[in-house]
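# Structural description and commentary
What follows is the residue order along each chain.
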Amino acid sequence: MTADWQPTACILCECNCGVIVQVDDRKLVKIRGDKEHPASQGYTCNKALRLDHYQSSGNRLTSPLRRRHDGSYEEIDWDTAIAEIAEGFAAIRDEHGGDKIFYYGGGGQGNHLGGAYSGAFLKAIGSRYRSNALAQEKTGEHWVDAQLYGGHTRGEFDHAEASVFVGKNPWMSQSFPRARVVLNDIAKDPNRSMIVIDPVVTDTAKLADFHLRVRPGTDAWCLAALAAVLVQEQLCDEAFLAEHVTGAEAVREVLAEVPIGDYAQRCGVDEQLLRAAARRIACAASVSVFEDLGIQQAPNSTLCSYLNKMLWILTGNFAKRGAQHLHSSFAPLFSPAGVGRTPVTGAPIIAGLVPSNVVPQEILTDHPDRLRAMIVESSNPAHSVADSAAVSEALRSLELLVVVDVAMTETARLAHYVLPAASQFEKPEATFFNLEFPHNTFHLRHPVMEPLPGTLAEPEIWARLVRALGVVDDAELTPLRRAAAEGLDAYAQAFLVAVGANPQLGRVLPFVLYETLGPALPEGLAGAAALWGLAQKTAMTYPAAVQRAGHADGNALFEAILAEKSGVTFTVHEYADDFALISHPDRMIAMEIPELLDDVRALRSAPTALTSTEFPMVLSAGERRAFTANDILRNPSWRTRDADGALRISPQDATAIGLADGGRVRITTAAGTAEATVEITDTMLAGHVSLPNGYGVDYREADGSSTTPGVAPNTLTSTDWRDAYAGTPWHKHVPARVEAVAGLG
Ligand SMILES: Nc1nc2c(c(=O)[nH]1)N[C@H]1C(S)=C(S)[C@@H](COP(=O)(O)OP(=O)(O)OC[C@H]3O[C@@H](n4cnc5c(=O)[nH]c(N)nc54)[C@H](O)[C@@H]3O)O[C@H]1N2
Ligand SMILES: Nc1nc2c(c(=O)[nH]1)N[C@H]1C(S)=C(S)[C@@H](COP(=O)(O)OP(=O)(O)OC[C@H]3O[C@@H](n4cnc5c(=O)[nH]c(N)nc54)[C@H](O)[C@@H]3O)O[C@H]1N2
Ligand code: SF4
Ligand SMILES: [Mo]
């Protein structure tokens, strides 16, 4: 027991706010915001205080498990598990090729460090295909970004005069530092404006100056009309376009033809309000834009990603305070190159990621190139990917499925082997959600307690698997181990020599770092070894910005990361750096994307409604609410309200269906059917209903009984309901039928 406050971070959303905790008997007994954290500065939302429901969950795994023939599991020791798993994958590689071994996950909202080590094993076994949740949200945006400027952009909302949120509810879902503080500041300041595009009157929309309450799924018309106002009313930043943008003429030609009044009507937004919002964007000294799942998981998603970026590009809101920025990154969230297309369905692989929605079809087939084995690490695709029934059937049919998780999840229950990971408070951890500009931060969290007996941290799991393959001769590592004991400078030199002599070591780089530098790191931090390589790369990629942040070189940055337990600022940029961060050789934004411009033209005759008489309503399956946190918290008692995850419905629809608040309904879609409790609220438009994410996961109580509150959203979604470019699912726009459940309503 210790009464010390120890710094760590919240792991419930991508913000990873710094927190300080007191630990007693392995429990997080006190939790507060960490004022020393360079990004969050003491801020947390309501959820951080509930983190012990993760750490002390009664459903933690404590031993490797092997499935028996009857489907039950037996505990086995680690040596047996590692040997059998390595052997199993090697057999599949030998018989069918390593490329039939598929990797899904690698990190959730708080943990990317473990996944960083998986690459060594996957390369060694010859695996090629991988995916994770980014392939069901961000790959469309990435495809657009890659063509426009070759990087990810982020708004600087704390200084923006106009902030635009497109299908994004940051009051609930956060996603940028100190979100509620920033939103309140904007709302209070008469000189700043907030524009929200959302069919729901969200808590964010309530603070907005302009709420464009689009009909669900019609954002393409709304965004095209907004961009068209900029062109047709001559509100573009001509000097910026001339100096920094290519292809603007092609874009302007298309936007000049957009019938603004007609499109306003089609998306259900008053034309004058829409024009006023566009004018506000045009006259603001700075504009920041955040697009998220409301468009990324809805019809025309990739097109909408393109159109919303026009708002800030046409108005020159780049490379200045309060505007949009191409930030540095400590480690890439996406791989720069993909393999092209998936082996069975030929779906596009964007940023190296197989679209989550095609996973079942890549497995459930007799195609010779089908995926035959899979490793799932820190993800729950049987629950989080469209059409849970199809995903479960696919996973069940694999020749070998290994799941690495802290809990017995819906996915783990389908596995041949389940490996228990130490929790994120029991090992060094970090995320690569380092997306800010001009100050970008990285936080290596130190363990605040020992691993739960029986569990291992992922770097050790991956190292054992690589060792079992026998691909590295340990003698080759000896000089590196010796150099590591002498210090980082000696290590850097020895490293260059070793990798120069044997390029094969480079293929299993995280393994080499863990095995050689890991033992020389301070007690308990061996898992941080891979960060040494990333720190070198960061210092080489952004030398001036890293030095401005106070780090002389890669070794100095790595040492600061190890030493600063509340996180470090790793780059400090100047606004002009944005241009250098454009990857095109001419450092210009390349605005013309011909196929998407064709799509803008085609909007004239495209249908705005995808419902039918059979399924007349639009269901948004997976809304972020005060008590949702993906699938990270399984114990339902973490919620102090919304225990069932109510279906939100408008008063008009409730009356038409004959529902009372708190009544029960049956929701039916093309994929399935479910029952839910209703909450009648005028925040919903008629014809639109919404279910939260994160519900419908089961939890075993101490007495052995099990509860599964709420609806698992993907029992209602379909794999083929997806974007044409990126394959990203339309979870926010599922045609559905809602009926009262007789006798209970
Ligand atoms: N509390 C909480 N916060 C989280 C998470 C969590 O589980 N819980 N998860 C994290 C993760 S992984 C992510 S990706 C982010 C997601 O963060 P958000 O994208 O903000 O979350 P959502 O609530 O899924 O969707 C955003 C909005 O889209 C709106 N919407 C639905 N249909 C449409 C439409 O047709 N057009 C438009 N314009 N909007 C539409 C919804 O009304 C909703 O307000 O949140 C992160 N933060
Ligand atoms: N219908 C619908 N579906 C959706 C969405 C939606 O809005 N609607 N949203 C999508 C989005 S944006 C996202 S990001 C995904 C999220 O879905 P997933 O990618 O499945 O991720 P999480 O729900 O975060 O699951 C994280 C898993 O990691 C485990 N875990 C926690 N800590 C550790 C650790 O230290 N080590 C290991 N090995 N495991 C750990 C948890 O127990 C949990 O099982 O869901 C997607 N699915
Ligand atoms: S849920 Fe997100 S915003 Fe809330 S405290 Fe945790 S990391 Fe911060
Ligand atoms: Mo997400």
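Residues numbered from 1 in each chain as written. Chains lettered and ligands numbered in written order. Predicted model: local features only at pLDDT ≥ 70, side-chain atom pairs only at ≥ 80, totals over all residues. Heavy atoms only, no water.

## Structural notes on the packing of helix H9 (residues 219-232) against helix H15 (residues 301-314)
Definition in use: Whenever a helix is involved, its axis is fitted only over the stretch in contact; in every case the axis is a line through C-alpha atoms, and angles between N-to-C directions fall within 0 to 180 degrees. Labels follow the DSSP assignment, with helices taken as runs of H or I lasting at least four residues and strands as runs of E lasting at least two, numbered in each case from the N terminus. Here roughly perpendicular refers to angles of 65 to 115 degrees, roughly parallel to angles under 35, roughly antiparallel to angles over 145, and oblique to all remaining angles. In this scheme the crossing of two helices becomes right-handed for a clockwise turn of the near helix relative to the far one and left-handed for an anticlockwise turn of less than a right angle. When checking whether two residues touch, look at their non-hydrogen atoms; a contact exists if any pair is within 4.5 Å. Residues are sorted three ways: Asp, Glu, Lys and Arg are charged, Ala, Val, Leu, Ile, Met, Phe, Trp, Tyr, Cys and Pro are nonpolar, and all the rest, Gly among them, are polar.
Where H9 meets H15, the axes come as close as 9 Å, and the angle between the chain directions of the two elements is 25°. When the axis of H9 is compared with that of H15, the two are roughly parallel. When the axes of H9 and H15 are compared, the crossing they make is left-handed. Across the interface between the two elements, Asp 219, Ala 220, Leu 223, Ala 224, Leu 226, Ala 227, Leu 230 and Val 231 from H9 touch Leu 303, Cys 304, Leu 307, Asn 308, Met 310, Leu 311 and Leu 314 from H15. Of the residues assigned to the contact of H9 with H15, the class counts are 13 nonpolar, one polar and one charged.

## Let's talk about the domain arrangement of the protein chain
For the record, the criterion: Domain extents, as shown, originate in an automatic or database domain assignment. Between Lys or Arg on one side and Asp or Glu on the other, a salt bridge is scored when a side-chain nitrogen of the former is within 4 Å of a carboxyl oxygen of the latter. For this analysis, a polar contact is any N or O atom pair within 3.5 Å, provided that within protein one partner can donate a hydrogen and the other can accept it, and provided that sequence-adjacent residues contribute only side-chain to side-chain pairs.
Domain boundaries in the protein chain define domain 1 (6-55), domain 2 (65-128 + 372-431 + 439-572), domain 3 (139-329 + 595-602) and domain 4 (617-740). One C-alpha centre belongs to domain 1, the other to domain 3; they are set 33 Å apart. Across the boundary between the two partners, domain 1 contributes ten residues, which contact eleven residues of domain 3. The interface formed by domain 1 and domain 3 contains one salt bridge. Here Arg 154 and Glu 14 are joined by a salt bridge, their closest N and O atoms 3.9 Å apart. Linking domain 1 with domain 3 are three residue pairs in polar contact (both at pLDDT 80 or more), by the criterion used here. Its residues placed into classes, the side of domain 1 that touches domain 3 shows five nonpolar, three polar and two charged.

## Here's the deal with the site of ligand 1
Going by this rule: In these notes, residues near a molecule or strand are those with any non-hydrogen atom within 4 Å of it. Every accessible area reported is derived by Shrake-Rupley at a probe size of 1.4 Å, with residue values counting cover from the shown protein chains alone.
Taken together, 31 residues surround ligand 1, and among them Ser 173, Asp 198, Asp 219, Thr 628 and Lys 732 come closest. Here Ser 173 contributes a side-chain N or O atom positioned 2.7 Å from an oxygen atom of ligand 1. Leu 293 has a polar backbone atom sitting 3.0 Å from an oxygen atom of ligand 1. For ligand 1, whose free accessible area comes to 910 Å², the fraction covered by protein is 98%. At the level of elements, helix H6 (170-173), helix H14 (293-296) and strand E21 (617-623) are the ones that each hand at least two residues to the shell around ligand 1. Considering each element in turn, the shell around ligand 1 owes the most residues, three residues, to E21. Looking at the shell around ligand 1 residue by residue, the class counts come to nine nonpolar, twelve polar and ten charged. Lining the shell around ligand 1 are residues from two domains, each supplying at least three of them: domain 3 (139-329 + 595-602) and domain 4 (617-740).

## Concerning the sheet that holds strand E9 (residues 162-166)
Selection rule: Only when DSSP finds a minimum of two bridges between them are two strands counted as paired.
Strand order in the open sheet formed by four strands is E11-E10-E9-E13, and the pairing between neighbours is parallel. Only two strands of the sheet have a single neighbouring strand rather than two, namely strand E11 (210-212) and strand E13 (287-291). Strand-to-strand twist across the sheet, computed as the mean angle between neighbouring axes with direction ignored, equals 10°. Bridge analysis of E9 against E13 gives five bridges, and the strand direction is parallel. Note that in E13 the partner of Phe 165 across the bridge is Phe 290. Across the sheet, H15 lies against E9 and E13, angled at about 170° from E13, the strand it touches most.

## Notes on the site of ligand 3
If you check the shell around ligand 3, you find Cys 10, Leu 12, Cys 13, Cys 15, Asn 16, Cys 17, Thr 44, Cys 45, Lys 47, Ala 48 and Gln 174 and nothing else. Of the residues that constitute the shell around ligand 3, the class distribution is seven nonpolar, three polar and one charged.

## Observations concerning the packing of H9 against helix H13 (residues 271-283)
It is the contact of H9 with H13, at a shortest axis distance of 9 Å, that shows an interaxial angle of 55°. The pairing of H9 with H13 is recorded here as oblique in orientation. In the packing of H9 onto H13, the handedness of the crossing is right-handed. Together, Cys 222, Ala 225, Leu 226, Val 229 and Leu 230 of H9 and Leu 274, Arg 275, Ala 277, Ala 278 and Ala 282 of H13 make up the contact between the two elements.

## Some words on the sheet that holds strand E6 (residues 101-105)
Strand order in this open sheet of seven strands is E5-E4-E17-E16-E15-E6-E7, and the pairing throughout is mixed. Here the strands that pair on one side only, and so sit at the sheet edges, are strand E5 (73-75) and strand E7 (130-131). Sheet topology places E6 next to strand E15 (residues 373-377); five bridges connect them, and they run parallel. By the bridge assignment, Gly 105 is partnered in E15 with Glu 377.

## So, the side chain of Gln 6
The criterion, for reference: Only protein chains enter the calculation, and the probe is 1.4 Å; a residue is then buried if its accessible area is under 20% of its type maximum, exposed if over 50%, and partly exposed in between.
Relative to the elements of secondary structure, Gln 6 occurs in strand E1 (residues 6-9). A residue is classified by how much of its surface remains accessible, and Gln 6, at 18% relative accessible area, is buried. There is a polar contact of 3.2 Å between the side chain of Gln 6 and the backbone oxygen of Val 448.

## What to know about the environment of Asn 635
Examined against the element boundaries, Asn 635 turns out to sit in the loop between E21 and strand E22 (647-649). Relative accessible area serves as the criterion here: at 13%, Asn 635 is assigned to the buried category. Those residues in contact with Asn 635, other than ones at most four positions away along the chain, are His 53 and Tyr 699. Separated by 3.4 Å, the side chains of Asn 635 and Tyr 699 make a polar contact.

## Some remarks on unusual backbone geometry
Of note, the bond from Phe 437 into Pro 438 is cis; its omega dihedral lies within 30 degrees of zero at 0°. Positionally, Pro 438 belongs in the loop between strand E17 (417-420) and strand E18 (439-442). In the Ramachandran plot, Asp 25 falls in the positive-phi region, its phi being about 55° despite a non-glycine side chain. With respect to the element layout, Asp 25 can be found in the loop between strand E2 (18-24) and strand E3 (27-33). Classification of Asp 25 by relative accessible area gives exposed; the value is 61%. Residue Gln 174 is not a glycine yet carries a positive backbone phi of 65°. Mapped onto the elements of the fold, Gln 174 is located in the loop between H6 and helix H7 (179-188). Owing to a relative accessible area of 2%, Gln 174 belongs among the buried residues under this scheme.

## A few points about helix H28 (residues 594-602)
Put simply, the test is: The directions from the helix axis to the C-beta atoms are what the arc is built from.
Those residues of H28 not exposed but buried are Leu 596, Leu 597 and Val 600. Seen from one end, H28 has its buried residues packed into an arc of 105°, which puts them on one side. Where H28 is buried, its residues meet helix H5 (139-148), helix H11 (248-256), helix H12 (260-267) and H15.

## Focus on the pairing of E15
Taken residue by residue, a regular strand's side chains alternate between the two faces of the sheet. Most of E15 sits inside the fold, with five of its five residues counted as buried. Neither face of E15 is left uncovered, since the one carrying Ala 373, Ile 375 and Glu 377 and the one carrying Met 374 and Val 376 both have all their residues buried. In terms of strand pairing, E15 meets strand E16 (residues 400-405) through five bridges, oriented parallel. Residue pairing for E16: Met 374 is matched across the bridge by Leu 401.

## A few points about helix H21 (residues 488-501)
Note the following rule: Working rule for helices: expected span equals 1.5 Å times residues minus one.
Over its 14 residues, H21 runs 20 Å from end to end, which matches the ideal 20 Å to within 8%, given 1.5 Å per residue. Taken together, the buried positions of H21 are occupied by Leu 488, Tyr 491, Ala 494, Phe 495 and Ala 498. Projected down its long axis, H21 shows its buried positions confined to an angular sector of 120°, all on one face. With respect to the buried face of H21, the exposed residues turned more than 90 degrees away are Asp 489, Gln 493, Leu 496, Val 497, Gly 500 and Ala 501.

## Details of the packing of aromatic side chains
The description of two aromatic rings rests on the distance between their centres and on the angle between their planes. For the record, the criterion: Only Phe, Tyr and Trp rings are paired, with Trp represented by its six-membered ring, and only when their centres lie within 6.5 Å; those with planes under 30 degrees apart are stacked, over 60 edge-to-face, the remainder tilted.
Tallied over the entire structure, the rule returns 24 aromatic pairs. When the ring of Phe 89 is compared with that of Phe 121, the centres are 6.1 Å apart and the planes differ by 65°; the resulting orientation is edge-to-face. On the criterion of sequence distance, the pair formed by Phe 89 in helix H2 (residues 78-96) and Phe 121 in helix H4 (residues 118-125) is long-range, its members being 32 residues apart. Both residues of the pair, Phe 89 and Phe 121, belong to the buried class. Ring geometry for Phe 121 against Trp 462: centres 5.7 Å apart, planes inclined by 40°, an arrangement best described as tilted. Highlighted residues: Phe 121 in helix H4 and Trp 462 in helix H19 (residues 458-469), separated in sequence by 341 residues.

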